[in-house]
There are 2 protein chains.
Amino acid sequence: MADAEYVNIWMRPERPARGPKPVYSRAQITEAAIRIADAEGLEAATMRRIAAEIGAGAMSLYRYVPSRDDLVELMADRVMGEIDVTGMPSGDWRADLTRYADGLRAMWLRHPWIATVQRSLPSFGPHQLLLIERLMGVLDAFVSIDENLGLVAILAGYVEGTVREEISAAEEVRRSGLSEAEWMARSSPYIDQVVKSGDYPIFTKIVIEARQPHLSRDDQFRHGLQRVLDCVAAALAGA
Amino acid sequence: MADAEYVNIWMRPERPARGPKPVYSRAQITEAAIRIADAEGLEAATMRRIAAEIGAGAMSLYRYVPSRDDLVELMADRVMGEIDVTGMPSGDWRADLTRYADGLRAMWLRHPWIATVQRSLPSFGPHQLLLIERLMGVLDAFVSIDENLGLVAILAGYVEGTVREEISAAEEVRRSGLSEAEWMARSSPYIDQVVKSGDYPIFTKIVIEARQPHLSRDDQFRHGLQRVLDCVAAALAGA
DNA sequence: CCTCCACTGGGTACGTTGTACGCGGTTGCA
DNA sequence: TGCAACCGCGTACAACGTACCCAGTGGAGG
């Protein structure tokens, strides 16, 4: 029981004191893994593949990262850092929350594999800590911590829910390996069958709506976001 | 190009015409897989393990299910069916949405592995179709399809977001294989270190809040849900 | 009635995964 | 000048999903 076994990645120092200079780095490995996951999905980012990407042997990665799960944690925190929250809170909470929501959505669209990570524990990496600090700071002056957590949950839930939907079709196409046209041709028979059965009138309305040109994704998102922010405003006024 | 290769599980018939009576069934296999996943996590529900659970050989499962991914789809749709939406819409939209939210949350708590599924495509199994039909029916008379989808996204996003948080700690404990007390002892040093650094005052407030006894999870959930429903009410009034 | 073959359960085997272990070389401190 | 701590990485292994093949089985056509 002398030396602690680290439970948490963030407590494990990257570099020890003595010995030869490491050739690679956690950041470099994480970057390579993200690059692969962006292009071919998280399941393509295997240890061997990542190692090959940076020109290392497979087992070399384990000098930098305790396990693949931990590496995924590093990846997740790394992309969290892409969300720009500098200067928050600015005093204009509506602008701040809008900027956060846009940034979160853009990040998810850049890194769709994030949807499949969402592991149980939040893990509180440095980027995520900063994000929490700034984001929760936006409403901190107006409401209690409990209330704040609830409102942020609604906001984040909305963004993640809608962006998941945006991602889904594209990811399914990529997974199947088919072209988009082929995939559409393959999957529509089932939808058609459901629609033709006549048992699902509302679902049918959704399908029809989805198949004709409508508002751009961005506009749809913005519209729903305004609803959520109105909800926040109501909560602030009530408090 | 004569016979179609099915893209979708739901288009593939379970039983062919001739030959000996199958000993097992899709439902039985799905049930066993859910049982294992509930107790030991989705990653424990391997094909061999599931087969052993029902007393079959590993490869026998493939007579019923084309692949493990498809089986997971079956599992997901099966647990969707646990959400009781009979008699919706009842005319009282607030009661309906509350019942749905409670049911969804309870289902997630029973089957925490659902958080790690959330695959890209919704897949539209029979239970999910029914759920969509009933749930979207609740607000169908009051708002447009677009508006309805947006409001439901907010609701579902809130439920999934908060329940994910509820699940996370428990799942992490299970994954680590440690007892809860051991796990707390292992992970708190990191949190303490973050708090003691003094760089994260708001995060510190969250930790303090979380560590003292507070409202029950249920009450917290209900409270936030009321906020979301108020938001829906505002949208209905504005339309 | 027999014959046929589409079906059954399941054993064996292969490719791929994460990663434990150990090697020989390199570096900073005593 | 050692020596212990570190490096990159080759080998090896267990567990995974699943392709392939087999011997049996039972309903349909004669």
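Residues numbered from 1 in each chain as written. Chains lettered and ligands numbered in written order. Predicted model: local features only at pLDDT ≥ 70, side-chain atom pairs only at ≥ 80, totals over all residues. Heavy atoms only, no water.

Help me get a handle on helix H8 (residues 180-197) of chain B, residues and values and all.
For H8(B), which comprises 18 residues, the first-to-last C-alpha distance of 26 Å matches the rise-based estimate of 26 Å (1.5 Å per residue) to within 8%. Most pronounced at Ser188(B), the bend in H8(B) amounts to some 35°, and the proline Pro189(B) follows within four residues. Contacts made by the buried residues of H8(B) are with helix H6 (126-140) of chain A together with helix H7 (145-176) and helix H9 (201-211) of chain B. Gly198(B) sits one or two positions beyond H8(B) and adopts a positive phi of about 80°. (Helix = DSSP H or I, 4+ residues; strand = E, 2+ residues; numbered from the N terminus. Expected span 1.5 Å × (residues − 1). Bend = angle between axes of the 7 residues up to and from the residue. Contact = heavy atoms within 4.5 Å.)

Tell me what's going on with the relation of the copies chain A and chain B, and back it up with residues and numbers.
Once chain A has been moved 0.0 Å along the axis and rotated by 180°, it coincides with chain B to within an RMSD of 0.1 Å. Interpreted geometrically, this transformation is the action of a two-fold axis. Ranked by how close their C-alpha atoms come to the rotation axis, the residues of chain A are headed by Gly157(A), at 2.0 Å. Interface overlap between copies is the fraction of interface residues in one copy that are interface residues in the other; for chain A against chain B it reaches 100%, indicating a shared surface. (Least-squares fit on C-alpha atoms with pLDDT ≥ 70 in both.)

So what's going on with the domain arrangement of chain A? Which residues, and what values?
Residue and element names in this part refer to chain A. When the domains of chain A are assigned, the result is domain 1 (9-79) and domain 2 (88-238). Spacing between the C-alpha centres of domain 1 and domain 2 amounts to 29 Å. Taken residue by residue, the interface counts 17 residues in domain 1 and 15 residues in domain 2. Note on domain 1 versus domain 2: buried area summed over both sides is about 1,300 Å², and carbon and sulfur give 58% of it. Per element, the largest residue contribution to the side of domain 1 that touches domain 2 is eight residues, and it comes from helix H3 (residues 68-80). Tallied by class, residues from the side of domain 1 that touches domain 2 come to nine nonpolar, one polar and seven charged. (Domains from an automatic or database assignment. Buried area = accessible area lost by both parts, 1.4 Å probe. Nonpolar A, V, L, I, M, F, W, Y, C, P; charged D, E, K, R; others polar.)

Pulling in residues and values, what's your account of the protein's contact with DNA strand C?
Lining the immediate surroundings of DNA strand C are 26 residues, of which Arg48(A), Arg68(A), Gly57(B), Arg63(B) and Tyr64(B) lie closest. In the model, a phosphate oxygen of DNA strand C is placed 2.8 Å from a nitrogen or oxygen of the Arg68(A) side chain. Within the contact set of DNA strand C, a phosphate oxygen lies 3.1 Å away from a side-chain nitrogen or oxygen of Ser60(B). (Near = heavy atom within 4 Å. Polar contact = N/O pair within 3.5 Å; in protein donor to acceptor, adjacent residues only side chain to side chain.)

Provide a residue-level description of the pattern of salt bridges, including the pertinent values.
Residues and elements named next belong to chain A. The full count for this structure, using the stated rule, is 30 salt bridges over all chains. Note that Asp-230 is salt-bridged to Arg-94, the shortest N-O span being 2.7 Å. In this pair, Asp-230 is assigned in helix H10 (residues 217-238) and Arg-94 in helix H4 (residues 93-110), connecting sequence segments 136 residues apart. In this structure Arg-94 comes out as partly exposed when scored by relative accessible area, which is 26%. Notably, a salt bridge pairs Arg-174 with Glu-171, separated by 3.1 Å at the nearest N-O pair. Pair noted here: Arg-174 and Glu-171 are both in helix H7 (residues 145-176), with a separation of three residues, about one helical turn. In this structure Glu-171 comes out as buried when scored by relative accessible area, which is 14%. A single salt-bridge network, built from bridges that share partners, covers Glu-31, Arg-78, Glu-82 and Arg-110. (Salt bridge = Lys/Arg side-chain N within 4 Å of Asp/Glu carboxyl O. Buried < 20%, exposed > 50% of the residue type's maximum accessible area, 1.4 Å probe, protein only.)

Hey, could you go over the interface of chain A and chain B for me, with residue numbers and the actual values?
How big an interface is tends to be stated in terms of the accessible area lost upon association of its parts. With 60 residues of chain A at the contact, the number on the chain B side is 60 residues. Counting the surface lost from both chain A and chain B, the interface buries some 5,500 Å², and carbon and sulfur atoms represent 64% of this. The interface formed by chain A and chain B contains four salt bridges. With a closest N to O distance of 3.1 Å, Asp140(A) and Lys205(B) form a salt bridge.

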